[in-house]
Amino acid sequence: MDEDTDTWADLADQFADDAYASVKGRVRTYVMHRQLLEHLPATPAQVLDVGGGAGHQSFPLARAGYEVTLLEPSQSMLGKARERIERLPEEVRRRVTLVQADGEHAQEAVNGRQFDAVLCHGVIGYLEQPEPLLDQLCRCAAPGGVVSILAGNADAMAVRPALEQRWEDALEAFDARSEIGVLGVPVRADTVEELGGLLRDRGVEPLEWYGVWLFVDWLGFGGAELDPGDAKQLEAAARVEFEAARRDPYRRLSRVFHLLGRKGPS
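Nothing here was measured: the structure is a model prediction, and the numbers come from that model.

Draft legend 1. Representation of helix α10 (residues 192-201). Restricting attention to buried positions, one finds in α10 the residues V192, L195, G196, G197, L198 and L199. Those residues of α10 that are buried are in contact with α7 (131-140), β5 (141-153), β7 (186-190), β8 (204-212) and β9 (256-263). Looking one or two residues past α10, G203 carries a phi angle of roughly 85°, positive in sign.

Draft legend 2. View of the nonpolar core. In terms of nonpolar packing, the biggest core is built from 34 residues, with V27, L40, V47, F59, L61 and Y66 touching the most fellow members. Looking at which element gives the most residues to this core, the answer is helix α2 (residues 23-37), with five residues. If near-sequence neighbours (up to four positions away) are discounted, V47 is found in contact with L61, Y66, E67, V68, T69, F115, A117 and L119. With 29 residues, the next largest nonpolar core counts V118, V192, L198 and V204 among its residues.

Draft legend 3. Layout of the packing of aromatic side chains. Applying the stated rule across the entire model yields three aromatic pairs. A centroid spacing of 6.4 Å and a plane angle of 80° characterise the contact between W209 and F257, whose relative ring orientation is edge-to-face. One end of the pair, W209, is in strand β8; the other, F257, is in strand β9, with 48 residues separating them in the sequence. Here the aromatic residues F215, W218 and Y250 are joined through ring pairs into a cluster of three or more. We note R34 situated over the ring of F242; from NZ or CZ to the ring centre the distance is 3.7 Å.

Draft legend 4. Quick look at helix α4 (residues 75-85). Among the residues of α4, M77, L78, K80, A81 and I85 are the ones counted as buried. Looking straight down α4, one finds its buried side chains confined to an arc of 155°; they lie on one side. For α4, the N-terminal cap is S74; the gap from its side-chain oxygen to the backbone nitrogen of S76 is 3.3 Å.

Rules used throughout
Residues numbered from 1 in each chain as written. Predicted model: local features only at pLDDT ≥ 70, side-chain atom pairs only at ≥ 80, totals over all residues. Heavy atoms only, no water. Buried < 20%, exposed > 50% of the residue type's maximum accessible area, 1.4 Å probe, protein only. Helix = DSSP H or I, 4+ residues; strand = E, 2+ residues; numbered from the N terminus. Contact = heavy atoms within 4.5 Å. Core = buried A, V, L, I, M, F, W, Y, C linked by side-chain atoms within 4.5 Å. Phe/Tyr/Trp six-rings, centres within 6.5 Å; stacked < 30°, edge-to-face > 60°. Lys NZ or Arg CZ within 6 Å of the ring centre and 35° of its normal. Arc of directions from axis to C-beta. Polar contact = N/O pair within 3.5 Å; in protein donor to acceptor, adjacent residues only side chain to side chain.

What follows is the structure, encoded as structure tokens:
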């Protein structure tokens with residue numbers, strides 16, 4: 001990304017504040033946090049969050065005792081991350097480091113350092129080709145380290161337009177690999193098998209994959225209003241989503257998927 005061009009500047013508030021304050025945003029954070037904890041090494045392991053935005057996924061890990069480096073190219077998003085850091089307890093703030101850099105230059109930005117876990121959630125879909133970023137993620141992972149990726153599910157592209165009753169778009173989406181996402185910008189989708197193969201080619205063996213967002217996604221696109229302030233409903237929805245995320249056929253219908261792999265020995 002050009003140093004003088006922040007493509008996320010106009011979307012920072014919408015993404016960091018509105019999206020993650022919604023039921024969908026909170027459910028995503030809860031579900032993926034639990035999925036990560038099933039595979040991450042024990043604290044205080046070192047975690048690199050590439051394209052980590054405002055830290056919604058990695059700051060809970062810092063609270064849990066992990067040492068987190070958040071790498072983000074957007075100055076606007078990093079500003080949101082700094083605002084959120086100020087609300088964290090002092091001992092948690094000490095476990096968070098912010099780095100402004102593009103994910104495709106992650107290894108250089110962290111001075112060649114390798115991490116026990118490398119996260120890249122919701123970034124790959126904004127790139128025309130995922131390979132350069134995947135190269136960096138795998139290089140930044142230490143031997144035995146975990147690589148965690150969130151990507152659009154190419155096998156479920158028709159779900160959103162169908163739920164919005166855009167039938168012609170839904171028909172075309174069965175064979176589509178891209179769409180205009182909910183933030184109004186183009187996004188590309190992948191399959192678990194293809195992305196897993198690309199990781200394997202780079203020395204990272206796929207461990208497990210999960211769905212993310214199913215029923216809350218369907219409700220939202222169907223026009224149902226879910227109250228993010230209703231803690232009881234939020235907790236119940238998150239528990240159901242967590243179970244659906246790891247069971248077939250439910251996970252295969254999720255609009256996005258969470259793939260985890262482990263890097264082999266050097």
